Amino acid sequence: MGFPSAISIAQRWVAERLGAGEPAIDATAGNGVDTLFLAKQSGARGTIYAFDIQAVALEQTQERISSENAGPLATVKLIHRSHDGMAEEVPSDHHGRIAAVMFNLGYLPGSDQVVITNPASTLPALQAALGLLRKNGVLTIVLYPGHPGGHEEAEAVEAWAAGLDPLTAETLLYRFLNRAKSTPYLLGIIKK
Ligand SMILES: C[S@@+](CC[C@H](N)C(=O)[O-])C[C@H]1O[C@@H](n2cnc3c(N)ncnc32)[C@H](O)[C@@H]1O
């Protein structure tokens, strides 16, 4: 059996840390796979904040949540706004209490790829996410170097993470070394 994909490992790292009833954020809702995962993980007493700048992504996420009938889900708040506004959208009583923030960069799967994440909003959003996390909370970022602009964004995110003070955050890369350079990879951050 080979190593799990970046997306699977991101969910594993979150599952190890997001407890029942704890709030979490999906910074790039897309078609809602991570939002649903977070909502299941946090359960009935939790709240998940899911951001996307495309209405169609939030509609797909809502559909996925509504058609799920296995077990109690957290309350999902869909927010049609860029993730760099997350500190304003998440109520202040959840600041410093968020257990996990997931970023899955790039474009909406199945879309025309015109709308993509970009460092001008991704980097401030990551900084905001770090501020919202509780101690030992986890930030996962799946990076896509394969599309135009994706490599530059991945490099900018890596440089940002590498510059974090090790006393405040632990950072880790999960990346296949002998696959195509365009293969998605994962950056994980634990807040100390
Ligand atoms: C790779 S997809 C996310 C996939 C999603 N995590 C899933 O499980 O289906 C990236 C998403 O980021 C969204 N996006 C792009 N720029 C954004 C921004 N500034 N703020 C929030 N979402 C953004 C896109 O609209 C797209 O839906």
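Residues numbered from 1 in each chain as written. Predicted model: local features only at pLDDT ≥ 70, side-chain atom pairs only at ≥ 80, totals over all residues. Heavy atoms only, no water.

Visitor: How should the pattern of salt bridges be read in this particular structure?
Guide: Between side chains of opposite charge, a pair can form when the charged atoms approach closely. As enumerated under the stated definition, the model contains six salt bridges in all. Between K40 and E68 there is a salt bridge; the shortest N-O distance is 3.7 Å. Here K40 is found in helix α2 (residues 33-42), whereas its partner E68 is found in the loop between α3 (55-66) and β3 (75-80), with 28 residues between them in sequence. One salt bridge connects R81 with E88, and the closest N-O pair in it is separated by 2.8 Å. Assessed through its relative accessible area of 28%, R81 is described here as partly exposed. Residues joined by salt bridges that share partners form a network here, namely R81, E88 and E89. (Salt bridge = Lys/Arg side-chain N within 4 Å of Asp/Glu carboxyl O. Helix = DSSP H or I, 4+ residues; strand = E, 2+ residues; numbered from the N terminus. Buried < 20%, exposed > 50% of the residue type's maximum accessible area, 1.4 Å probe, protein only.)

Visitor: Explain the nonpolar core to me, please; I cannot follow it from the model alone.
Guide: Side chains of a nonpolar character, in soluble globular proteins, are inclined to be buried together. By size, the foremost hydrophobic cluster in this structure holds 30 residues, and its most contacted members are I25, M86, V101, F103, L139, I141 and I189. Among the secondary structure elements, those contributing two or more residues to this core are β2 (47-52), β4 (98-104), α5 (119-132), β5 (133-143), α6 (150-162) and β7 (185-191). Sorting elements by how many residues they give to this core places α5 first, with six residues. Among residues more than four places away in sequence, those in contact with I25 are L38, Y49, F51, M86, V90, I98, A100, V101, M102 and L132. Within the second largest apolar cluster, 25 residues are counted, among which are L18, A24, F37 and Y174. (Core = buried A, V, L, I, M, F, W, Y, C linked by side-chain atoms within 4.5 Å. Contact = heavy atoms within 4.5 Å.)

Visitor: Is there a simple way to explain the site of the ligand in this structure?
Guide: Around the ligand, the surrounding shell holds 22 residues, and the nearest of these are T28, N31, D52, Q54 and H83. Contacts to the ligand include T28, whose backbone N or O atom sits 3.0 Å from a nitrogen atom. A distance of 3.3 Å separates an oxygen atom of the ligand from a polar backbone atom of V33. Burial of the ligand by the surrounding chains reaches 96%, relative to a free accessible area of 610 Å². (Near = heavy atom within 4 Å. Polar contact = N/O pair within 3.5 Å; in protein donor to acceptor, adjacent residues only side chain to side chain. Areas by Shrake-Rupley, 256 points an atom, 1.4 Å probe, with all protein chains shown as cover.)

Visitor: How should I be thinking about the pairing of β5 in this particular structure?
Guide: When a strand is regular, its side chains alternate between the sheet's two faces. For β5, the tally of buried residues reaches nine of eleven residues, placing the bulk of the element in the interior. Across six bridges, β4 lies against β5 in parallel orientation. Following the sheet pairing, I98 is matched in β5 by L133. For the segment spanning β4, α5 and β5, crossover handedness is right-handed. As paired strands, β5 and β7 are joined by six bridges and run antiparallel to one another. When the bridges of β7 are listed, T140 appears paired with G188. (Pairing = 2+ DSSP bridges. Right-handed = clockwise from strand over helix to strand, strands pointing away.)

Visitor: Would you explain unusual backbone geometry in this entry?
Guide: One can expect most non-glycine residues to show negative phi and most peptide bonds to be in trans. With a phi angle near 65°, Q113 is a residue other than glycine that sits in the positive phi range. In this structure, Q113 sits in the loop between β4 and α5. The exposure class assigned to Q113 is partly exposed, which follows from its relative accessible area of 41%. At N136, a residue that is not glycine, the phi angle is positive and equals roughly 70°. Position of N136 among the secondary structure elements: in strand β5. Overall, N136 belongs to the partly exposed group, its relative accessible area being 43%.

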